[in-house]
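# Structural overview for review
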Amino acid sequence: MTKVTAQMSVSLDGFYTGPRDTHAPADMSGWMRGPEAPGFFRVTRWAVDAMAWRERQGFAGGEQSVDSEIVAEMFAAAGAYVMGRRMFDAGEVPWGDEPPFRAPVFVVTHRPREVLERAGGTSFTFVTEGVERAVELARDAAGGKDVAVAGGGELLRQVLAAGLLDQLELHISPVLLGDGQRLFDSSLGLGADDGIELVPARVVETPGVTHIRYTVSGRSKLVLDDRGASGDLVASAGQ
């Protein structure tokens, strides 16, 4: 059964990049020299060092490790991808003629563009009808495998807020960035008595990162727990 999944590397204080670059959305040429890149490459170091990641990018070297196995698992599970236009703009040139996805990619955007075909099975289809339509098209193209939300964080929040995400895996790097783009924020649209419940499904600890996989249960109302004030817990403890 096709699941909609997401993977995101974050710092311990919840940032997935450094502070937002102020360049125009269509101009990502200076991203590597801007404020986002240092934080991004710190939290994704575990993946960049992994043999499976480097092989997928066409690079030599890397470590054969549990982290590498998780990267390989991630690529193997995905039959199609959904990503934001800003991520595509930043990656189009560095990915080159043979991007690492090797599957259809659906780019959520307000700027139309013809389908871009690349070597190795990757194609980029630009979807202007919103995130729900992009996920629908990706499901149809996934061939029974998973739809992976490739990022960035803004798109992931949209998918999560729309109730479309089935599984979330966080890769938590042991670093505090102090500032940057926070993965989860008020754009989720949760009220004071709302929450999105997650069920931990797997935890893998390695020296450089902790991988936590969650099944997304969905929105629910938060219940005020006043048992301590009512004395119930105290009474129970004294019995």
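Anything mentioned here points back to the structure above.
Treat the numbers as computed from the prediction; the structure is a model and nothing was measured.

## Things to note about the nonpolar core
Judged by nonpolar contacts, the single largest core of 30 residues is most densely connected at Val82, Val149 and Leu165. Breaking this core down by element, the ones donating at least two residues are β1 (4-11), β3 (78-84), β4 (104-108), α6 (131-141), β7 (146-151), α7 (153-161), β8 (167-173) and β11 (209-221). Excluding residues that lie within four positions of it along the chain, valine 82 makes contacts with Phe106, Val108, Ala134, Val135, Ala138, Val147, Ala148, Val149, Ala150, Gly151 and Leu155. In terms of nonpolar packing, the next biggest core, distinct from the first, is built from 22 residues, Ala50, Phe75, Met83 and Val209 among them.

## Examining the environment of alanine 201
Take alanine 201: it is sitting in strand β10 (residues 194-206). It is 9.9 Å that separates the C-alpha atoms of alanine 201 and valine 216, two residues lying 15 residues apart in sequence. Aside from chain neighbours lying at most four places away, what touches alanine 201 is Arg213, Tyr214 and Thr215.

## A few points about the packing of aromatic side chains
The final tally for this structure, using the stated rule, is eight aromatic pairs. Ring geometry for tryptophan 53 against phenylalanine 75: centres 5.9 Å apart, planes inclined by 25°, an arrangement best described as stacked. In this pair, tryptophan 53 is assigned in helix α3 (residues 51-57) and phenylalanine 75 in helix α4 (residues 66-77), connecting sequence segments 22 residues apart. In this structure an aromatic cluster arises from ring pairing among Tyr81, Phe88, Trp95, Phe101, Phe124 and Phe126.

## Points about the pairing of strand β6 (residues 123-127)
Most of β6 is tucked away, with four of its five residues classed as buried. Alignment of β4 against β6, held across five bridges, turns out to be parallel. Within β6, the position partnered with valine 108 by the bridge is valine 127. As defined by bridge partners, strand β5 (residues 116-117) adjoins β6 across two bridges and the pair is classed as antiparallel. When the sheet's bridge partners are listed, glutamate 117 is paired in β6 with serine 123. The antiparallel pairing of β5 with β6 creates a hairpin that spans five residues between the two strands, and glycine 120 there sits at a positive phi of about 85°.

## Side note on the sheet that holds β7
Judged by pairing direction, the sheet is mixed, and its nine strands sit side by side in the order β5-β6-β4-β3-β7-β1-β8-β11-β10 without closing on themselves. Strand pairing shows two members of the sheet lacking a second neighbour, β5 and β10, which therefore form its edges.

## Comments concerning the side chain of arginine 157
Within the secondary structure, arginine 157 is located in helix α7. In this structure the side chain of arginine 157 is engaged in a polar contact, spanning 3.3 Å, whose partner is the side chain of aspartate 185. Among the polar contacts listed, one links the side chain of arginine 157 to the side chain of serine 187, at a separation of 2.9 Å. Beyond its immediate chain neighbours, meaning those up to four positions away, arginine 157 contacts Tyr16, Arg182, Leu183, Phe184, Asp185, Ser187 and Leu188.

## Describing the pattern of salt bridges
Enumeration over the complete set of coordinates arrives at 16 salt bridges. In this structure, arginine 118 engages aspartate 97 in a salt bridge whose closest nitrogen and oxygen atoms are separated by 3.9 Å. With arginine 118 in the loop between β5 and β6 and aspartate 97 in the loop between α5 (85-95) and β4, this residue pair connects regions lying 21 residues apart in the sequence. Owing to a relative accessible area of 26%, arginine 118 belongs among the partly exposed residues under this scheme. Judged by relative accessible area, aspartate 97 falls into the exposed class, the value being 59%. Residues participating in the shared-partner salt-bridge network are Glu73, Glu169, Arg202 and Arg213.

Calculation notes
In this numbering scheme, every chain counts its residues from 1 along its sequence in written order. Only residues with pLDDT of 70 or above have their local features reported here, since the model is predicted, and side-chain atom pairs are shown and tallied only from 80 upward, although totals for entire chains, interfaces and linings are computed over all residues. The side-chain values count all of the structure's non-hydrogen atoms but skip hydrogen atoms and water molecules. Definition used in this section: a nonpolar core is a set of buried Ala, Val, Leu, Ile, Met, Phe, Trp, Tyr and Cys residues joined via side-chain atoms within 4.5 Å. Exposure classes here rest on a 1.4 Å probe applied to the protein chains alone. A residue is buried below 20% of its type maximum, exposed above 50%, and partly exposed in between. Secondary structure follows DSSP: runs of H or I at least 4 residues long count as helices, runs of E at least 2 residues long count as strands, and numbering of each begins at the N terminus. Contacts between residues were defined by any pair of non-hydrogen atoms, one from each residue, lying within 4.5 Å. Think of it this way: a Phe, Tyr or Trp ring, Trp meaning its six-membered ring, pairs with another when their centres are within 6.5 Å, and the plane angle makes it stacked under 30 degrees, edge-to-face over 60, tilted otherwise. Two strands qualify as a pair provided DSSP detects at least 2 bridges between them. We call two N or O atoms a polar contact when they sit within 3.5 Å, provided that within protein one can donate a hydrogen and the other can accept it, with sequence-adjacent residues counted only if both atoms are side-chain atoms. Basic side-chain nitrogens of Lys or Arg form a salt bridge, by our definition, when they fall within 4 Å of a carboxyl oxygen of Asp or Glu.

Structural measurements only, silent on function.
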